[in-house]
Amino acid sequence: MCGIIGCVGRGDETLDTLVHGLSKLEYRGYDSAGVALSSDHVEICKNSGKIDDLREALSDRTLSGSVGIGHTRWSTHGPPTDANAHPHQDCHGDVAVVHNGIIENYQSLRDELVAAGHTFTSDTDTEVVPHLIEDALEAGSDPEDAVREAISRLEGSYAVAAVVAGCDAVFAARNDSPLVLGLAEDATFLASDVPAFRDFTDQVVYLADGEFARLDADGWTVTDSDGSVVEKDVDTVEWDPEETGKSGYEHYMLKEIHEQPRALRQCLRGRVDELSGTVDIGDLGDLSPTGVQFVACGTSYHAALHGAQLFREAGIPSQAFLASEYATATPPIGDALVVGVTQSGETADTLSALRAARRRGARTLAVTNVVGSTAARECDHALYIRAGPEIGVAATKTFASQLAALNLLALGTSSTGDARQVISALRDLPGHVQEILDESAAQEIAEIYQDADAYFFIGRGYHEPVALEGALKMKEITYKHAEGFAAGELKHGPLALVTENTPVFAIVTGDDERARKTVGNVKEVEARDAPVVAITDGQSDVSRYADHVLELPETHPRAAAVLANIHLQLVSYHTAALLGRNIDKPRNLAKSVTVE
Ligand code: M6R
């Protein structure tokens, strides 16, 4: 999705700072980029394509100014053309605006502005904003009031940043789209996400909906929609700037796969007490839900399926919903706790589902990675998964940390008979993940099956969401056909697709009824000549029917689900690498999906 950067106080380095910030936002996905610098006049440079194309365009230009804004655009209104790239300007080129989100009333505003004589040069909803500012300036407002007046006309979701010629300030406002200020000793930054300025500061201020910020040589102020000053907390982000680099790995995805032992340790730190067999998740422990509804999308939905099983196992009715379905057809809530599982905390479908639940009077909880994210702020409670920043579009370490955090949530708010075994399995999890990272035969499997027609993944119980996740990861980064099924469903249709060129990955742990039934499904596949890759702890006899084995240590099935997924992440990663795919930024995808 789109990214915003703004800065004041970087002097001659303003332009470089903006472009650097944009490069740090590339992971969000984008199709065009641009910058604007302001002094006694405003100059812009923008084009469709990548940041390198912008750099090239800038190499022929001299842009001057010590305050500026920049943007990476993910098209929503109008195709990814130079004209549609941000920043957008007014009729005289005195104002420049960048915007994330969707202005729902843009058409009526545009009609009004065109009727008043304004000329538009793009198809975007954003362009109404500089023209509204222009009108307000012409009516005599000072730049700050002009921007405020323009913002007050907007309906929909937006994070907006603007500069005005002759005014050494950056103005910004948000509604339903994230914006954060970065505070350094002699410079102030503004961005849609911290990595954009993390190389300069770890001091941040999260803007809330309806707030307005002014950044200038004197520092920064945040005001509400009436213009009253809002006292904001300054937070310290705990990420090391190095964490947003690749640290020698070829891709962020591989780095993030390898960060999982640390991410899991962070998630569990201070929250489990093995001696007493208890979990401490702070005030959340008092939630005592009598029912739980999970809402989530994509990988987070697979984590939510795991979470719902945990609560059902504890005797608490629970169900996972795709957020995009829940938002438009909210089921009866009763007194259920509604849990939004969202790595970014900004996924529009998940936010809509949580808002629908709140409108119905439900208590809401965000299970998220991003402190200060919209989900965290809007929900009654937040449980942080503490995975650290995830830059690769494919969710990896955040999935593992979501599963761990959901186990903590279930253990901390309900009672299950085997809490001690689960806690001990969670304690062993980081070490077990490390063993798999060190020893997995995933790369070999990827080499053997890189040309397969399709990939199928099967599992039962806790391994069903992992089968779904294995397939999502495979299709997302390799662009190959992949599907995941509850193992028992295979014979109800998908078996027709199975051939000698469609490897089937079967997750089988333990030797209980579930495992034996999955082994039965493996035999059905084997009889149709499909190659079988068993991901197993060796307790059942699945290996007898498998062509390859990816080994798991013996552990609790809940932890085994996390471990099986590590092998599958590696298989997808290596397959995508062999196929030469754009692993960290797969085609057509964005890290943070902020439109419904
Ligand atoms: O930030 P969220 O967890 O809410 O994101 C939800 C999905 O968009 C996300 O998990 C997506 O499916 C990933 N790219 C999968 O790797």
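Please read all numbers here as calculations on a predicted model, not as lab measurements. Each chain has its residues counted from 1, following the order in which its sequence is written. Local features in a predicted model are, by the rule used here, given only for residues with pLDDT of at least 70; side-chain atom pairs are given and counted only at 80 or more, and totals for whole chains, interfaces and linings are based on all residues. To obtain the side-chain values, all non-hydrogen atoms of the structure were used and water was disregarded.

Our next topic: the packing of helix α1 (residues 14–24) against helix α2 (residues 51–59). Note on definitions: angles span 0 to 180 degrees between N-to-C directions of axes, and those axes are lines fitted to C-alpha atoms, for helices only across the stretch in contact. For the purposes of this entry, the term helix denotes a DSSP run of H or I that reaches at least four residues, the term strand denotes a run of E that reaches at least two, and both are numbered from the N terminus. Relative orientation of the contacting elements α1 and α2 amounts to 165 degrees, with a least axis distance of 10 Å. When the axis of α1 is compared with that of α2, the two are roughly antiparallel. Read as a crossing pair, α1 and α2 show a hand that is right-handed. Side by side, α1 and α2 meet where L15, V19, L22 and S23 of the first sit next to I51, L54, R55 and L58 of the second. Only Asp, Glu, Lys and Arg are considered charged in this grouping, and only Ala, Val, Leu, Ile, Met, Phe, Trp, Tyr, Cys and Pro are considered nonpolar; every other residue, Gly among them, is considered polar. Residues of the contact of α1 with α2, tallied by class, amount to 6 nonpolar, 1 polar and 1 charged. If an angle is under 35 degrees, it is roughly parallel; if it is over 145, roughly antiparallel; if it lies from 65 to 115, roughly perpendicular; otherwise it is oblique. For a crossing to be left-handed, the near helix must be turned anticlockwise from the far one by less than a right angle; the clockwise case is right-handed. Here, residues are in contact when the closest pair of their heavy atoms is within 4.5 Å.

What follows covers the site of the ligand. It suffices for a single heavy atom of a residue to lie within 4 Å of a molecule or strand for the residue to be listed as near it. Neighbouring the ligand are 14 residues, the closest being S300, T342, S344, T347 and E476. By the criterion applied in these results, polar contacts are pairs of N or O atoms within 3.5 Å in which, for protein atoms, one can donate a hydrogen and the other can accept it, and in which residues neighboring in sequence qualify only through two side-chain atoms. Between the ligand and S344, the relevant distance is 2.6 Å, taken from an oxygen atom to a side-chain nitrogen or oxygen of the residue. At 3.1 Å, a backbone N or O of V393 approaches a nitrogen atom of the ligand. Contributing elements (two or more residues each) for the shell around the ligand: α8 (298–313) and α15 (463–478). Across the shell around the ligand, the residue classes tally to 5 nonpolar, 7 polar and 2 charged.

So, on to the nonpolar core. In this structure, F294, V341, L365, V367, F457 and F505 are the most contacted members of the largest nonpolar core, which totals 83 residues. No other element matches helix α17 (residues 557–578), which puts 11 residues into this core. In contact with F457, other than residues within four places in its own chain, are A467, G470, A471, M474, A482, E483, G484, F485, F505 and L568. Grouped together as the second largest cluster of nonpolar side chains are 29 residues, Y27, Y30, F197 and V204 included. In this text, buried Ala, Val, Leu, Ile, Met, Phe, Trp, Tyr and Cys residues form a nonpolar core when linked through side-chain atoms within 4.5 Å. Relative accessibility thresholds used throughout: buried, under 20% of the residue-type maximum; exposed, over 50%; partly exposed, between the two (1.4 Å probe, protein chains only).

We now examine the packing of aromatic side chains. Only the six-membered ring of Trp is used, alongside the rings of Phe and Tyr, when aromatic pairs are assigned; centres must lie within 6.5 Å, and planes under 30 degrees apart are stacked while those over 60 apart are edge-to-face, with the rest tilted. Taken as a whole, this structure holds 7 aromatic pairs when the rule is applied. Arranged with centres 6.1 Å apart and planes meeting at 45 degrees, the rings of F294 and F311 form a pair that is tilted. On the criterion of sequence distance, the pair formed by F294 in strand β17 (residues 292–296) and F311 in helix α8 is long-range, its members being 17 residues apart. Accessibility assignment for this pair places F294 and F311 in one class, buried. Grouping aromatic residues by their ring pairs yields a cluster made of F189, F197 and F200. Its end group placed over the ring of F212, R148 keeps NZ or CZ at 4.2 Å from the ring centre. Criterion for a charge above a ring: Lys NZ or Arg CZ within 6 Å of the ring centre, and within 35 degrees of the ring normal. Directly above the aromatic system of Y479 lies the positively charged group of R587, at a separation of 3.9 Å from the ring centroid.

Reading across the sheet, the 8 strands line up as β3-β2-β4-β1-β10-β9-β11-β14 and stay open at both edges, with antiparallel pairing between neighbours. Every interior strand has two partners, whereas the edge strands, β3 (42–48) and β14 (235–236), have only one. Examined bridge by bridge, strand β9 (residues 180–183) and strand β10 (residues 188–191) share 4 bridges and lie antiparallel to one another. Counterpart to G182 in the pairing with β10 is F189. Running at roughly 155 degrees to strand β2 (residues 32–38), α1 makes contact with β1 (3–8), β2, β4 (67–73) and β10 of the sheet. Against the sheet, α2 touches β2, β3 and β4, its axis set at about 135 degrees to β3. When DSSP finds two or more bridges between a pair of strands, those strands are recorded as paired.

Strand pairing in a sheet is mediated by backbone hydrogen bonds. Such pairs are either parallel or antiparallel. With parallel pairing, 5 strands are arranged side by side in an open sheet as β23-β22-β24-β25-β26. Lying at the two open borders of the sheet, with one neighbouring strand each, are β23 (481–486) and β26 (548–551). Averaged over neighbouring strand pairs, the angle between their axes works out to 20 degrees when direction is ignored. Judged from the 5 bridges that link them, strand β24 (residues 504–508) and strand β25 (residues 532–536) form a sheet pairing that is parallel. By the bridge assignment for β25, F505 is matched with V533. Against the sheet, α17 touches β22 (454–459), β24, β25 and β26, its axis set at about 165 degrees to β24.

Take the layout of surface pockets next. Cavities and pockets are found on a 1 Å grid laid over the protein atoms alone: a cavity is a set of points where a 1.4 Å probe fits but cannot escape, a pocket is an open set with protein on both sides within 12 Å along at least five of seven lines, and a lining residue has an atom within 4 Å of such a point. Grid points are joined across faces, edges and corners, and a volume is the space filled by probe spheres set on the points. Put simply, the second largest pocket is a space of about 470 Å³. Along the walls of the second largest pocket sit 23 residues, with C297, G298, T299, K591 and V593 positioned nearest its centre. Looking at the lining of the second largest pocket, the elements that each hand over two or more residues are α8, β19 (337–342), α10 (348–359) and α15.

Mapped onto this numbering, the UniProt entry annotates "active site" (unreviewed entry) at C2 and K591. Look at the named residues: they lie 590 residues apart in sequence, but the longest C-alpha span between them is just 10.1 Å, so in the fold they bunch up. Lining residues of the second largest pocket drawn from the annotated set just named are K591. With respect to the helices, strands and loops of the structure, C2 is situated in the segment before β1. According to the relative accessible area criterion, K591 is buried, its value standing at 12%. UniProt positions are given in the numbering used here, feature names are shortened, and annotations may be inferred rather than shown by experiment.

Here we come to the pattern of salt bridges. Two side chains bearing opposite charge may form a pair once their charged atoms approach each other closely. One side-chain nitrogen of Lys or Arg within 4 Å of one carboxyl oxygen of Asp or Glu is enough to make a salt bridge. One pass over the structure, following the stated rule, counts 22 salt bridges. Among the ionic pairs, R10 bridges to E13, the shortest N-O distance being 3.1 Å. You can call R10 partly exposed: its relative accessible area is 22%. Looking at E13, the relative accessible area reads 43%, which means it is partly exposed. A salt bridge links D52 to R55; the shortest N-O distance between them is 2.8 Å. Highlighted residues: D52 and R55, both in helix α2, separated by 3 residues, approximately one helical turn. It is possible to trace a salt-bridge network through shared partners that takes in E144, R148, R214 and D216.

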